[in-house]
Each structure stands twice: as structure tokens, then as C-alpha cells.
Amino acid sequence: MLFRSLGAHTEPARALALLAVQRAASAMPVSGVTVTLVPDARRAIAGWGLGGRTFGPAMVEIYIDPGLPDLALRMAERMPALVAHELHHTMRWRGPGYGSTLLEAMVSEGLADHFAVELLGTAPPPWCDAFPQTQTDAYLDLARAEFDASAYAHERWFFDAGLPQLPRWTGYTLGWRLVEAHLAAHPGSSAAT
């Protein structure tokens, strides 16, 4: 694990990330992954204070806003699930892959969030509930037109809400709900498997 200085928060951040790595490795054969902790407010999720990105099967970066109020508390609440989420992505990159279509990306993100929640027993992050359950079918109908598209606008679906009819994080929420429906229909299955 690599990390850049977060001052007094460096060691607690490292310990939280290491705990998440160990927990994830107990559920999946996670190995050979470099996790780098980076103090970078610009790449942390706005309003959340932390963020992550997976660069293939062996590299994860976790971004931390060093100016986040109550940083120690927020890291303790959020970092383990974020690291677990990103580690799930590394395993998907090893096979079958993250995916190249909108539907595949939604499923990968939904699986990663379900994995973190299953592993750690935490509440789902806010991007898993970006709009009321009653609106799910309407947003799925919009997404279906692009489900098989590999040239879909990832930023629009997952981050920025590039169209007025898409709330921020629509892709994450749809992915969470698609995986949730699959898990409910297949008792005994899990995001780790």
C-alpha cells in the first residue's frame, strides 16, 4: 500500500484501508493490488470527501479531501466501504471485466456497492439511492435505449447528470437496484460470488 501524507490522518487512513483490504481478501482472492491513498479534494466525491478509482486488475487510488470537516470520523465511516468497492472492481477486471456497455457498467457498480455492504455490514452509500424507488422503471426505460451501447456517456449516467431528466448518480442507483433484484431472485448468491 502506498500513501501520501495526510498529516496526523496518515496512519489512521492507512490502517482503515489495510483493514478493508484484509476483509475483502477474506471474501475474494484479492492479491497483487496496489492501493494508493492520495490527498486530493478535486478527485474526492463532492460533498462526500472521499473517492476512488480502479485502474485495471492491480491498481486502486483512494482520494481524500484533507479539508473535510471531521476528517477522522468521515474516514472511519466511509473509507473501508470505498476500498472494498474498488477492490471488487479489481477482481472484475481479472474476469469477466468491468464491462464496455452501459448495462455492464451498471452491473459492475451495483455489484461493487453490494459487495462493500455485504462485507462490512454498512448502509449503502447515497449514490445507491439517488431517486425514489417508484421512479426506477422510468429511469430503466431511459437506460434501456443505451444498455448495449459501448459509446454511452459514462459521466452523464454515473456522475454529472448531463440531461435534465437524470439525477446525479443515476447509473449507480440503477446498478444497485438491478443487482438487488438479482440477489433477491437467487437466494444464496452474493456480490462476492
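The rules behind the values
- Residues numbered from 1 in each chain as written.
- Predicted model: local features only at pLDDT ≥ 70, side-chain atom pairs only at ≥ 80, totals over all residues.
- Heavy atoms only, no water.
- Buried < 20%, exposed > 50% of the residue type's maximum accessible area, 1.4 Å probe, protein only.
- Helix = DSSP H or I, 4+ residues; strand = E, 2+ residues; numbered from the N terminus.
- Pairing = 2+ DSSP bridges.
- Contact = heavy atoms within 4.5 Å.
- Phe/Tyr/Trp six-rings, centres within 6.5 Å; stacked < 30°, edge-to-face > 60°.
- Lys NZ or Arg CZ within 6 Å of the ring centre and 35° of its normal.
- 1 Å grid on protein atoms, 1.4 Å probe; cavity = no way out; pocket = protein on both sides within 12 Å on 5 of 7 lines; lining within 4 Å.
- Points joined across faces, edges and corners; volume = space filled by probe spheres on them.
- Nonpolar A, V, L, I, M, F, W, Y, C, P; charged D, E, K, R; others polar.
- Axes fitted to C-alpha atoms, helices over the stretch in contact; angles between N-to-C directions.
- Parallel < 35°, antiparallel > 145°, perpendicular 65-115°, else oblique.
- Left-handed = near helix turned anticlockwise from the far one by under 90°.

Asker: Can you break down the pairing of strand E4 (residues 59-64) residue by residue, with the values?
Answerer: Within E4, five of the six residues are buried, leaving the element largely enclosed by the surrounding structure. Two elements, strand E2 (residues 34-39) and E4, share six bridges in a ladder whose sense is parallel. In the sheet register, Val38 faces E4, and the bridge partner there is Tyr63. The pairing of strand E3 (residues 50-54) with E4 spans five bridges and is antiparallel.

Asker: I'd like a rundown of the environment of Ser5, residues and numbers included.
Answerer: One can find Ser5 in the loop between strand E1 (2-3) and helix H1 (10-27). Expressed as a C-alpha distance, the spacing of Ser5 and Gly99, which sit 94 residues apart in the sequence, is 34 Å. Setting aside anything within four residues of it in sequence, one finds Ser5 in contact with Thr10 and Pro39.

Asker: Please set out unusual backbone geometry residue by residue, giving values where relevant.
Answerer: Following Gly95, the chain continues to Pro96 via a peptide bond in cis, the omega torsion being 15°. With respect to the helices and strands, the residue Pro96 is situated in the loop between helix H2 (71-94) and helix H3 (102-120). Of note in this structure, Asp70 is not a glycine but carries a positive phi near 55°. Assignment of secondary structure puts Asp70 in the loop between E4 and H2. One non-glycine residue with positive phi stands out, namely Trp169, at about 75°. By the element assignment, Trp169 lies in the loop between helix H5 (154-160) and helix H6 (170-185). Accessibility expressed as a relative area gives 15% for Trp169, which makes it buried.

Asker: How would you sum up the packing of aromatic side chains? Please name residues and give values.
Answerer: Each aromatic ring pair is characterised by the separation of its centres together with the angle its planes make. In the structure shown here, the tally under the stated rule is six aromatic pairs. Within the aromatic cluster, the residues linked to one another by ring pairs are Trp48, Trp127, Phe158, Phe159, Trp169 and Tyr172. Taking NZ or CZ as reference, Arg78 lies 4.0 Å from the ring centre of Trp48, over its face.

Asker: Summarise the layout of surface pockets; cite the residues concerned and give the values.
Answerer: The rolling of a water-molecule-sized probe over the atoms marks out the regions of remaining empty space. What the largest pocket holds in volume is close to 770 Å³. In terms of lining, the largest pocket is formed by 25 residues, of which the most central are Gly52, Arg53, Glu155, Phe159 and Tyr172. Of all the elements in the fold, those that place two or more residues in the lining of the largest pocket are E3, H2 and H5. The element that contributes the greatest number of residues to the lining of the largest pocket is H2, accounting for five residues. Per-class residue counts for the lining of the largest pocket are eleven nonpolar, six polar and eight charged. Of the volumes computed, that of the second largest pocket is approximately 190 Å³. Counting only elements with at least two residues in the lining of the second largest pocket, the list comes to H2 and H3. For the lining of the second largest pocket, the element with the highest residue contribution is H2, accounting for five residues. Taken together, the residues of the lining of the second largest pocket sort by class into nine nonpolar, two polar and three charged.

Asker: Account for the packing of helix H4 (residues 136-144) against H6, with residues named and values stated.
Answerer: A pair of packed helices is captured by two measures, namely the crossing angle of their axes and the spacing between those axes. The interhelical angle for the contact between H4 and H6, taken along N-to-C directions, is 110°, at an axis separation of 11 Å. Judged on the interaxial angle alone, H6 and H4 are roughly perpendicular. Between H4 and H6, the contacting residues are Thr136, Tyr139, Leu140 and Ala143 on the first element and Thr170, Leu174, Arg177 and Leu178 on the second.

Asker: Quick rundown of the packing of H3 against H6? Include the residues and the values.
Answerer: With their axes 7 Å apart at the nearest point, H3 and H6 run at an angle of 70° to one another. By the angle between their axes, H3 is roughly perpendicular relative to H6. Handedness of the H3/H6 crossing: right-handed. Between H3 and H6, the contacting residues are Leu103, Met106, Val107, Glu109, Gly110, Leu111, Asp113, His114, Val117 and Glu118 on the first element and Gly171, Tyr172, Leu174, Gly175, Trp176, Leu178, Val179, Glu180 and Leu183 on the second. Of the residues contributing to the contact of H3 with H6, the split by class is eleven nonpolar, four polar and four charged.

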